[in-house]
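An overview of the molecular structure
If you want the building blocks of each chain, they are given just below.
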Amino acid sequence: MTTTAGREARKAAFTGRELGIVIALVVVVGAATVARPGFLSGQGLHDLFLNASIIALLAIGQALLVITRNIDLSVGSVLGLTAFLSGQMFLNDPNTPVILVVLAGIAMGAACGALNGALVAVAKVPALVVTLGTLYVFRGVDYAWASASGVQQVNAYQMSPEFLSLGSGSVLGIPNLTLIALVVLAVAAYGLHNYRAGRELYAIGSNPDAARLAGIPTGRRVFGAFVISGALVGLGGVLHAAYFGTINASVGTGEELSVVAAVVVGGVAIFGGSGTVVGAALGALLLTTVTGALPILGVPAFWQRAVDGAALLVAISLDRAVMVRLAARLRAERARRRALPSGGVE
């Protein structure tokens, strides 16, 4: 069993990671501001948070899965599928209520997550294998739908103004998308910290076998995490359609790398059991800021994916190094306690 000292050490390590993200964010923003002073203007900040909002939504859901030692590589395909659904609903009826489009996108995303979750939690197929397969299945469905409908692209003029204002509007200068992401972040953070089901996700990720022996319904919790993550991706797809206004069957291609990178860079251990959704959201903001700063600093835009991949490798290596150090510290602590007289009481 993990000692109190071990838990405190692990918590301190990942709190340090989140602080490191904030410092890195300040450095990147500072460098970009020196190169272009307008980068930190009101409009610059507005665009920065707006661009990070959808990735942050997806990263919050992905963080729930990674905490349980799972992963979803199909998020980009589900994003594209739900975005295309939004456009199709307006093609069928230009007066479709916005709330109905939002709920339909969330429902489709949750259904995709339920399929992934059932294969992982019930059929016991590794999440990496399942979601790598559904990545192509969902993308294939998207292309088949576009081909069958004869609509290869949905444009902004074919959607309602109310729907488009959801993506481009703001409240007191804060983009709607950012406000939605912040609400989701607050709910997810509160649930992980204060509800038993949320805390059990960490137990599952730390030691699935021990969690099962302790009576935790691991299958149900993992399935629920996939459904919640899918629902957030569905919401992200709807917001993507509202923000960009142009949708085709290739929307979201390759987005899974950015999402996983944001989660791991944000301090969520790829080996499970540690991390926070706040860290994942900060990771999304950092990577989005880096992407926006690259052209300003004279780096070609095609290096974006390379930066995401490099950040992912560095974060995983750092996670591994931290875990090795913590394991060594815990072994030393146990050895010290065994060496103490009177049953290990100082």
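Our subject in this report is the structure included herewith. (Residues numbered from 1 in each chain as written. Predicted model: local features only at pLDDT ≥ 70, side-chain atom pairs only at ≥ 80, totals over all residues. Heavy atoms only, no water.)

To continue, consider helix α5 (residues 127–149). Across its 23 residues, α5 extends 32 Å between first and last C-alpha, which sits within 8% of the 33 Å expected from 1.5 Å per residue. Inspection of α5 places Ala127, Val130, Thr131, Thr134, Leu135, Phe138, Arg139, Asp142 and Ala146 among the buried residues, and these make up the whole buried set. On its buried side, α5 packs onto α3 (75–92), α4 (98–122), α10 (218–244) and α11 (255–265). (Helix = DSSP H or I, 4+ residues; strand = E, 2+ residues; numbered from the N terminus. Expected span 1.5 Å × (residues − 1). Buried < 20%, exposed > 50% of the residue type's maximum accessible area, 1.4 Å probe, protein only. Contact = heavy atoms within 4.5 Å.)

This part covers the packing of helix α2 (residues 42–67) against α10. At a minimum axis distance of 7 Å, the contact between α2 and α10 shows a crossing angle of 170°. Comparing the axis directions of α2 and α10 gives the class roughly antiparallel. Here Leu50, Asn51, Ile54, Leu57, Leu58, Ile60, Gly61, Gln62, Leu64 and Leu65 of α2 come into contact with α10, specifically with Ala225, Phe226, Ile228, Ser229, Leu232, Val233, Leu235, Gly236, Leu239, His240 and Tyr243. Of the residues in the contact of α2 with α10, the class split is 15 nonpolar, six polar and no charged. (Axes fitted to C-alpha atoms, helices over the stretch in contact; angles between N-to-C directions. Parallel < 35°, antiparallel > 145°, perpendicular 65-115°, else oblique. Nonpolar A, V, L, I, M, F, W, Y, C, P; charged D, E, K, R; others polar.)

A few words now on the packing of helix α7 (residues 176–194) against α10. One can describe the packing of α7 onto α10 by two numbers: an axis separation of 11 Å at closest approach and a directional angle of 170°. Regarding the angle of α7 to α10, the classification is roughly antiparallel. Touching Leu177, Ile180 and Val184 of α7 are Leu232, Leu235, Leu239 and Tyr243, all from α10. Considered class by class, the residues forming the contact of α7 with α10 number seven nonpolar, no polar and no charged.

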